[in-house]
Amino acid sequence: MNNQPDRKSYTPQETLCPICGSQNFVWGRTVGESVSQWVYFRADGAGWGEGEKLRARKCIDCKNVQLFTYD
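Not measured: the values here are computed from a predicted model. (Residues numbered from 1 in each chain as written. Predicted model: local features only at pLDDT ≥ 70, side-chain atom pairs only at ≥ 80, totals over all residues. Heavy atoms only, no water.)

Quick notes on the environment of Gly-28
Among the structural elements, Gly-28 can be located in strand β1 (residues 25-29). Each C-alpha atom of the pair Gly-28 and Ala-56 lies 5.3 Å from the other, and the pair is 28 residues apart in sequence. If sequence neighbours within four positions are ignored, Gly-28 has contacts with Arg-55 and Ala-56. (Helix = DSSP H or I, 4+ residues; strand = E, 2+ residues; numbered from the N terminus. Contact = heavy atoms within 4.5 Å.)

If you want it as structure tokens, here you go:
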């Protein structure tokens, strides 16, 4: 029997910090050397232009940073 919650029913805004369990986050985005330069996720084998922009949230309590793709 699987006791894990159905993670598909949660949005990033609803999930707790996996490190400390806090719900205190600041949201932002990842940038490269330039403020206008985004960081992307691209699956192995994907072609150029198939990436997804990443956004980030930082736990205010433990400073953990998580990355999410935009919806």
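Once the structure has been displayed, the description carries forward.
Let's talk about the side chain of Ser-22
If you trace the backbone, Ser-22 turns up in the segment before β1. One polar contact links Ser-22 to Asp-61, side chain to side chain, over a distance of 2.5 Å. Here Ser-22 is in contact with Leu-16, Cys-17, Cys-59 and Asp-61, once residues within four sequence places are set aside. (Polar contact = N/O pair within 3.5 Å; in protein donor to acceptor, adjacent residues only side chain to side chain.)

Things to note about the packing of aromatic side chains
Under the criterion given, the structure shown has one aromatic pair. Ring centres of Trp-27 and Phe-68 lie 5.5 Å apart, and the angle between their planes is 40°; this geometry places the pair in the tilted category. In this pair, Trp-27 is assigned in strand β1 and Phe-68 in strand β4 (residues 65-69), connecting sequence segments 41 residues apart. The class of Trp-27 is partly exposed, set by a relative accessible area of 30%. Exposure remark for Phe-68: the relative accessible area of 17% places this residue in the buried category. The ring of Trp-38 carries Arg-29 above its face, with NZ or CZ at 3.9 Å from the centroid. In this structure, Arg-57 is placed above the aromatic ring of Phe-25, and the distance from its NZ or CZ to the ring centre is 3.7 Å. (Phe/Tyr/Trp six-rings, centres within 6.5 Å; stacked < 30°, edge-to-face > 60°. Buried < 20%, exposed > 50% of the residue type's maximum accessible area, 1.4 Å probe, protein only. Lys NZ or Arg CZ within 6 Å of the ring centre and 35° of its normal.)

Notes on unusual backbone geometry
The phi dihedral of Lys-63 falls on the positive side, at around 75°, and the residue is not glycine. Structurally, the position occupied by Lys-63 is in the loop between β3 (52-59) and β4.

Geometric values such as these leave the question of function open.
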